[in-house]
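# Summary of structural features
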Number of protein chains: 2
Amino acid sequence: MSGLRAQKKADKNRRILEAATTLFRKVGYDSARIEDIAEMAGVSVGTFYNYFKNKGDMLMATVSMEVEEVLAAGDAIIAREHEDVATALSELIGKYYDHSLTYLSKEMWRTAMSLSIAQPETPFSQRYTALDHRLSKQVCDLIRALQNRGVVRKGVDCDATGELIFNNVNMMFIEFVKDEEMDVDGLKASVARQNAPLALLMSGDAA
Amino acid sequence: MSGLRAQKKADKNRRILEAATTLFRKVGYDSARIEDIAEMAGVSVGTFYNYFKNKGDMLMATVSMEVEEVLAAGDAIIAREHEDVATALSELIGKYYDHSLTYLSKEMWRTAMSLSIAQPETPFSQRYTALDHRLSKQVCDLIRALQNRGVVRKGVDCDATGELIFNNVNMMFIEFVKDEEMDVDGLKASVARQNAPLALLMSGDAA
DNA sequence: CTCAAAAAATGAACGCGTTCAATATTTTTT
DNA sequence: AAAAAATATTGAACGCGTTCATTTTTTGAG
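This structure is a prediction, so every number in the text was calculated from the model and none was measured. All chains use their own residue numbering, which begins from 1 and follows the written sequence. Following the order in which they are written, the chains are lettered starting with A and the ligands numbered starting with 1. The predicted nature of this model means local features are confined to residues of pLDDT at least 70 and side-chain atom pairs, given and counted, to a pLDDT of 80 or more, with totals for whole chains, interfaces and linings taken over all residues.

## Comments concerning the overall build of chain A
The number of helices and strands found in chain A is nine helices and zero strands. Each helix and strand of chain A, placed in order from N terminus to C terminus, yields the pattern α-α-α-α-α-α-α-α-α. Each of the three principal axes of chain A carries a C-alpha extent, and together these read 65 × 45 × 30 Å. Taken over 207 residues, chain A has a buried fraction of 37%. Placing a C-beta atom from the backbone of each residue, one calls two residues in contact when those atoms lie within 7 Å. Long-range contacts, defined as pairs at least 24 residues apart, comprise 65% of the intrachain contacts of chain A with a sequence gap of at least 6. Numbering of helices and strands runs from the N terminus, with a helix taken as a DSSP run of H or I at least four residues long and a strand as a DSSP run of E at least two residues long. Our exposure labels follow a C-beta count within 10 Å of each residue's own C-beta, placed from the backbone: buried means 20 or more other C-beta atoms, exposed means 12 or fewer, and partly exposed covers the counts in between.

In structure tokens, the structure reads:
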């Protein structure tokens, strides 16, 4: 008979999460006040804090969902064959960028990144950083796969180049979310240009 | 006789700035309350806001000083001759990193970066971004200089590779300031490893 | 020197995220 | 079913950055 409590708990959790995401979408993260979220969910402010450690933690659920999905899509891309390095990179990176605004707005990304830098010791930041590392590793994996298939020259340090490329991808994404004018296509074009020389130089034989 | 007002103004400006940097160093940025800064400077809270737009703006003076100095040092490095690409990059990047904690603590850097991402439309963020771009351009300039001297292979897109390398430098610096354990030497070693393959591939002839 | 206008200083008040002691509800024990 | 223990809810209060109406100081004209 302890069902009642668990039932109510799950229900409130869902209602709060729903209210928060709705409000974040409608008025943006900063303007969505805890008081408003609590009211929309039909609970008090105090109760909100029983369910979530703080406002920022509400973002992590969303960020996490976003990145998990893109990681899965990335694995599928790595499994396929690729003509050349530049194309393979564009495909993987393009998937990252295309997917990025599915659940999160630029403002929400900015908030998440900002929090993760400002308070590195928090669980929020640590989870965010872990997701970043998995993405970085995925780029390394792609390059290693290309090397095994002879698309990338032997002797090239896959992890070193993978990290280099991913850090550029990530930094450019920061520029992207900082600039409301910039669109995904412009972002992809810039990164492709930045990758081009390295992609060419690390290609096996040809060129 | 309007000297008195200007005199007092300059004096207060200096006193507030001094108090702020002293407190930032002593207790950290977050724990340094405006009230404390004002009190230490011998003015009221309201007066603080007459002299500085907000707390974050106090950081920009420091960040700016930091980056201006490192840019000047960077120009001197570019002017010199270099054996090979990897060494030249290590020297410039090493200078960036070595200098980075002269005026700012890791916590202050985190705050500055965090602010610049969270509120891109503010003057603070825009000034920060402009400094970043000048650093990026300097790395491009180094590579172009190396190309003109025959150290870098002809045909390599200097701006593309420069941006790629700088964005990695910058992203790794974020990792560095997020991790209180990490030291400058470890940071330099990681970046050198990440740069190595590209540096080798873009080298003229030899290898 | 006087006084009105301009400039600067002030601190109480506000907004919002977060905390916590008091209260209410559910579960367990008897 | 009543009492005790465990758990959850609540909203007033707090901290701190920021604002703004009011007061004080400085200035230059008469």
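## Focus on the interface of chain A and chain B
Interface size is commonly expressed as the accessible surface area that is lost when the partners come together. Across the boundary between the two partners, chain A contributes 28 residues, which contact 28 residues of chain B. Going through the elements one at a time, helix H6 (106–118), helix H8 (158–178) and helix H9 (184–202) of chain A are the ones with two or more residues in the side of chain A that touches chain B. With eleven residues, H8 of chain A is the largest single contributor of residues to the side of chain A that touches chain B. Ten residues, namely Ala, Val, Leu, Ile, Met, Phe, Trp, Tyr, Cys and Pro, are considered nonpolar, four, namely Asp, Glu, Lys and Arg, are considered charged, and the remaining ones, Gly among them, are considered polar. Of the residues that constitute the side of chain A that touches chain B, the class distribution is 15 nonpolar, seven polar and six charged.

## Let's talk about the packing of helix H7 (residues 123–148) of chain B against helix H8 (residues 158–178) of chain B
Packed helices, taken two at a time, are described by the angle their axes make and the gap between the axes. Residues and elements named next belong to chain B. Two elements in contact, H7 and H8, have axes whose closest approach is 8 Å; the angle formed by their N-to-C orientations is 130°. The pairing of H7 with H8 is recorded here as oblique in orientation. Seen along the crossing, H7 lies across H8 with a hand that is right-handed. Here H7 contributes Asp-132, Leu-135, Ser-136, Val-139, Cys-140, Ile-143, Arg-144 and Gln-147 to the contact with H8, which in turn contributes Cys-158, Asp-159, Thr-161, Gly-162, Glu-163, Ile-165, Phe-166 and Asn-170. Here the residues of the contact of H7 with H8 are counted per class, giving seven nonpolar, five polar and four charged. Axis angles are defined between N-to-C directions and span 0 to 180 degrees, where every axis is a line fitted to C-alpha atoms and, for a helix, only to the segment in contact. Any angle from 65 to 115 degrees is called roughly perpendicular, while one under 35 is roughly parallel, one over 145 is roughly antiparallel, and all others are oblique. Note: crossing handedness is left-handed where the near helix turns anticlockwise from the far helix by less than a right angle, and right-handed where it turns clockwise.

## A look at the domain arrangement of chain A
Residues and elements named next belong to chain A. An automatic or database domain assignment is the source of the domain bounds shown. Structurally, chain A comprises domain 1 (1–52) and domain 2 (56–202). Its C-alpha centre places domain 1 at a distance of 31 Å from the equivalent point of domain 2. Of the residues assigned to the side of domain 1 that touches domain 2, the class counts are five nonpolar, two polar and no charged.

## Thoughts on the protein's contact with DNA strand D
Each residue gets a C-beta atom placed from its backbone. If that atom is within 6 Å of a molecule or strand, the residue is near it. Taken together, 22 residues surround DNA strand D, and among them Ser-44 and Gly-46 of chain A together with Leu-4, Asn-54 and Lys-55 of chain B come closest. Residue assignment for the surface near DNA strand D shows that the elements contributing at least two residues are helix H1 (3–27) and helix H3 (45–51) of chain A together with helix H1 (3–27), helix H2 (34–41) and helix H3 (45–51) of chain B. Here the surface near DNA strand D is composed, by residue class, of seven nonpolar, seven polar and eight charged.

## Concerning the protein's contact with DNA strand C
Near DNA strand C lie 22 residues; those nearest to it are Arg-33, Asn-54 and Lys-55 of chain A together with Ser-44 and Gly-46 of chain B. Those elements that provide at least two residues to the surface near DNA strand C are H1, helix H2 (34–41) and H3 of chain A together with H1 and H3 of chain B. Among the residues making up the surface near DNA strand C, the classes are represented as seven nonpolar, seven polar and eight charged.

## Considering the relation of the copies chain A and chain B
Copy-to-copy superposition: least squares on the C-alpha atoms, limited to residues that have pLDDT of at least 70 in both copies. You can overlay chain A on chain B at an RMSD of 0.1 Å; the transform is a turn of 180° with a shift of 0.0 Å along its axis. As the rotation angle and translation indicate, the two copies are arranged about a two-fold axis. Every residue of chain A has its C-alpha some distance from the rotation axis, and the shortest such distance is that of Ser-114 of chain A, at 2.2 Å. A high fraction, 100%, of the interface residues of chain A reappear at the interface in chain B, so the copies pair face to face through one surface.

## Remarks on the UniProt feature "DNA-binding region" (unreviewed entry) in chain A
On the UniProt side, "DNA-binding region" (unreviewed entry) is annotated at positions that read residues 33–52 of chain A here. Within residues 33–52 of chain A, the helical portion is 75% and the strand portion 0%, while the C-alpha atoms at the span's ends are 14 Å from each other. UniProt positions are given in the numbering used here, feature names are shortened, and annotations may be inferred rather than shown by experiment.

## Quick look at the environment of Ala-88 of chain B
Residue and element names in this part refer to chain B. Mapped onto the fold, Ala-88 is located in helix H5 (residues 85–99). Looking at Ala-88, the number of C-beta atoms within 10 Å reads 23, which means it is buried. Once you skip the residues sitting within four places of it in the chain, Ala-88 turns out to touch His-82, Leu-142 and Leu-146.

## Regarding the UniProt feature "domain: HTH tetR-type" (unreviewed entry) in chain A
What UniProt calls "domain: HTH tetR-type" (unreviewed entry) maps, in this numbering, to residues 10–70 of chain A. Annotation note: span residues 10–70 of chain A, helix share 80%, strand share 0%, distance between end C-alpha atoms 27 Å.

## What about H1 of chain B?
All names here are of chain B. One fewer than the residue count of a helix, multiplied by 1.5 Å, yields its expected span. Taking 1.5 Å as the rise per residue, H1 with 25 residues should run 36 Å; its terminal C-alpha atoms sit 36 Å apart, in good agreement. Residues Ile-16, Ala-19, Ala-20 and Phe-24 constitute the buried set of H1. Directly beyond the C-terminal end of H1, a positive phi value near 90° is found at Gly-28.

## Regarding helix H4 (residues 55–79) of chain B
With 25 residues, H4 of chain B should cover 36 Å at 1.5 Å per step; its first-to-last C-alpha distance of 38 Å lies within 8% of that length. Those residues of H4 of chain B lying buried are Gly-56, Met-58, Leu-59, Met-60, Val-63, Glu-66, Val-67, Val-70 and Gly-74 of chain B.

## Focus on the environment of Tyr-96 of chain A
Residues and elements named next belong to chain A. Checked against the element boundaries, Tyr-96 lands in helix H5 (residues 85–99). Among the residues examined, Tyr-96 registers 22 C-beta atoms within 10 Å and is labelled buried. Considered as a pair, Tyr-96 and Arg-149 are 53 residues apart in the sequence and their alpha carbons are 23 Å apart. In this structure Tyr-96 touches Val-70 and Val-169, once residues within four positions along its chain are discounted.

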